Amino acid sequence: MELAIEATDLSKWYGKEKTLAVDHVSLAVKPGELFGLIGPDGAGKTSIFRMLTTLLLPNTGTARVNGFDVVKDYVEIRDRVGYMPGRFSLYQDLTVEENLSFFATVFNTTIEENHHLIKDIYVQLEPFKKRYAGKLSGGMKQKLALCCALIHRPEVLFLDEPTTGVDPVSRKDFWEMLARLKEHGITILVATPYMDEATRCDRIALIQEGRILQVDTPAAITAAYPDRLFQVKGGSMSATLRALNKLDGIIRCYGSGEFAHVAVPATATDMEQRIKDHLLAQGLTDVVVRPAIPTIEDVFIKFTQEKKA
Amino acid sequence: MSVLPVLLRKEFLQIFRNKAILMISVAMPVLQFIVLPMAVNYEFKNINLAVVDHDRSDLSRRLIDRITGSGYFRLVDHAASYAQAYALIESDEADIILQVPSGFEQRLVREGMEEVFVAVNAINGMKAGVGSAYLTSIIAGYNRSVVEDLMPGAAPAGIAVTSSGLFNPERNYKISLLPSILAIMITIVGGMLSALNIVKEKETGTIEQINVTPIRKRDFILAKSIPFWILANVVFTIGLLVIYLFYGVVPQGSLLLLYGFVGVYLLAVMGFGLLVSTYCTSQQQAMFVNFFFIMIFIFMGGLFTSLNSMPVWAQYVARFNPLTHVNEVMQLVTLKESTLRDILPNLLAVAAMAVVLNVWAVLNYRKTS
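Residues numbered from 1 in each chain as written. Chains lettered and ligands numbered in written order. Predicted model: local features only at pLDDT ≥ 70, side-chain atom pairs only at ≥ 80, totals over all residues. Heavy atoms only, no water.

Below, the discussion takes up the sheet that holds strand 6 (residues 81-84) of chain A. All names here are of chain A. Across the sheet, six strands lie side by side as 6-7-8-3-9-10; this open sheet has mixed pairing. Two strands in the sheet have a free side with no partner beyond their single neighbour: strand 6 and strand 10 (211-216). Averaged over all pairs of adjacent strands, the angle between strand axes in this sheet comes to 15°, irrespective of strand direction. Two strands pair when backbone bridges link them, and strand 6 and strand 7 (residues 156-160) are joined in this way by four bridges, in the parallel orientation. In the sheet register, Gly 82 faces strand 7, and the bridge partner there is Leu 157. The sheet strands contacting helix 5 (residues 138-150) are strand 6 and strand 7, and the helix crosses strand 6 at an angle near 160°. Taken strand by strand, helix 10 (residues 296-308) contacts strand 3 (34-38), strand 9 (203-208) and strand 10, and its axis lies near 30° from that of strand 9. (Pairing = 2+ DSSP bridges. Helix = DSSP H or I, 4+ residues; strand = E, 2+ residues; numbered from the N terminus. Axes fitted to C-alpha atoms, helices over the stretch in contact; angles between N-to-C directions. Contact = heavy atoms within 4.5 Å.)

Now the structure itself:
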């Protein structure tokens with residue numbers, strides 16, 4: 001079966017210093033897949049998106065979208081993909097309805113023709129259809145942008161940080177919409193800096209400093225976490241971390257929400273009790289230590305710290 | 001199916017929603033034509049004159065009366081000494097000092113000649129030049145009348161000049177200024193607004209969204225240009241109407257020729273705007289770059305300094321300035337009944353600029369996207 005997105009050895013550098021934004025990246029996304037590019041700001045996600053959507057020429061490597069080369073066949077690709085840039089980029093001085101019908105007409109289609117694709121989203125926008133796009137709330141803007149990217153029934157949808165700056169409820173809504181879009185057979189590539197959104201993807205690629213660290217299903221990635229992980233609480237976070245740093249035999253510790261996460265070698269035994277005793281000995285009270293299930297965030301921190309070492 | 005109509009519809013929607021653009025397009029011609037020609041005046045009146053008359057004779061009084069009676073000068077003071085008059089220049093109360101020596105009448109009658117001394121405050125060079133020229137010509141006129149009085153019958157030798165202002169009989173500066181203002185206005189609407197409009201798409205990121213659609217660059221550029229081409233023609237038409245209503249100036253030459261030339265000229269100006277827009281990433285940049293060039297176009301376009309009085313190098317530079325050509329054509333066709341043959345060199349020059357600028361802009365547009 002042909003891949004929906006296939007990138008081989010893709011690189012992009014900028015400026016005279018040739019700052020490497022994308023460092024020999026290879027990716028394979030299957031048709032109908034919801035694929036996530038997970039990485040912090042500046043990891044190179046947007047540059048990859050811009051190369052795949054024919055807005056930027058790669059310095060090395062090739063990429064194909066639904067079999068079309070991003071350099072040679074850019075015209076075909078532009079007919080077949082939907083792109084929602086990270087920044088809201090619709091016409092603020094046109095209304096919701098005008099924006100939507102403009103993008104529909106540009107692709108030689110109509111709102112009615114593909115209404116079934118956007119109807120779940122559009123019902124929420126409909127009360128505001130006479131409002132200027134610039135006057136919408138952040139969440140509504142994102143929904144409109146998604147509608148505009150979908151209105152020509154693209155085969156591949158590129159969403160660059162679609163939930164950045166959107167409230168948690170709207171973010172949840174947004175991911176449910178993406179799950180429904182999958183049912184229409186649309187391949188979706190989504191970039192996000194939010195680690196908690198990773199589990200909503202079929203497969204993810206962890207990306208940092210222009211390089212892909214790991215590609216797999218979210219479950220497989222967390223399952224492959226090599227260390228044993230505990231979550232620890234006792235007094236203030238800074239006191240807890242200070243105390244933990246004095247303990248021998250731990251690989252790393254860091255704050256994560258209300259708990260501190262402590263990674264220890266998988267072979268170490270009886271660490272739970274040792275950590276507890278150590279913290280009590282350091283004068284902390286109300287100490288809680290319990291095993292934790294690794295998340296994508298823990299995997300990421302492992303990569304980051306290994307790189308520093 | 002071409003997407004051009006869709007794009008054009010969108011552009012017009014946006015333009016009609018932009019109050020600033022509409023205000024500029026309608027209010028600018030009306031206000032500029034009413035206010036500017038009134039304020040801009042190359043004639044100097046009320047030049048302040050201080051007189052130091054050491055003679056206080058009949059003839060010296062006649063000279064001073066003649067000067068003050070000309071209407072150009074206002075006598076601020078009869079100073080007792082040159083130093084006193086100089087103080088008036090220092091305090092900016094007087095612009096010119098006229099000093100008549102004692103024994104003026106005696107020597108003039110007896111020896112047939114005498115000198116007066118004129119000192120001018122030359123801080124405002126133009127006013128100084130014009131003022132002393134007026135004064136000199138009044139004194140020359142006085143000379144002739146004195147000669148006639150003293151030696152009646154002796155016909156004064158010399159050449160008498162009578163002149164007539166062709167195409168602008170009253171030599172009204174306002175009327176020759178009107179076509180130039182019109183030229184500046186369509187330059188701003190055509191060049192500046194279209195450049196800003198394209199850069200706005202870059203600034204707000206909408207150009208990204210456009211670039212991932214099948215819209216072709218050609219259609220995009222045309223859709224950006226056509227509305228402002230039309231808008232500039234509307235401004236031009238409003239301008240012509242205002243000129244007619246307020247100044248009674250009707251283009252003497254063919255209107256068709258005028259519109260035809262303006263149509264081509266706008267292509268050149270818009271090519272310039274497009275070129276600027278390909279180099280700029282924000283509206284602010286585009287604004288300043290445009291402003292910089294429009295200033296140069298205006299000062300080197302023969303609007304304020306006549307081309308013939310520029311140094312030779314500047315005259316060559318001015319040939320590459322589109323505003324020079326439109327300014328010439330506007331004056332030739334509105335005030336003088338010039339025909340296509342007369343303005344053909346201008347038309348060809350502007351057409352060449354249109355081709356060069358647009359090709360350059362489109363090539364550069366491709367490269368940067």
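Residue and element names in this part refer to chain A. Bridge analysis of strand 1 (residues 5-14) against strand 4 (residues 60-65) gives five bridges, and the strand direction is antiparallel. Counterpart to Ser 11 in the pairing with strand 4 is Thr 60. The sheet contact formed by strand 1 and strand 2 (residues 19-29) spans seven bridges and is antiparallel. When the bridges of strand 2 are listed, Ile 5 appears paired with Val 29. Joining the antiparallel neighbours strand 1 and strand 2 is a turn of four residues, in which Gly 15 adopts a positive phi near 75°.

What follows covers the domain arrangement of chain B. Structurally, chain B comprises domain 1 (4-40 + 169-368) and domain 2 (47-150). Using C-alpha coordinates to define each centre, domain 1 of chain B is positioned 48 Å away from domain 2 of chain B. (Domains from an automatic or database assignment.)

Another point: the domain arrangement of chain A. By convention, interface size is frequently given as the accessible area that disappears when the constituent parts associate. Looking at chain A, the domain boundaries give domain 1 (5-222) and domain 2 (226-293). A straight line from the C-alpha centre of domain 1 of chain A to that of domain 2 of chain A covers 39 Å.

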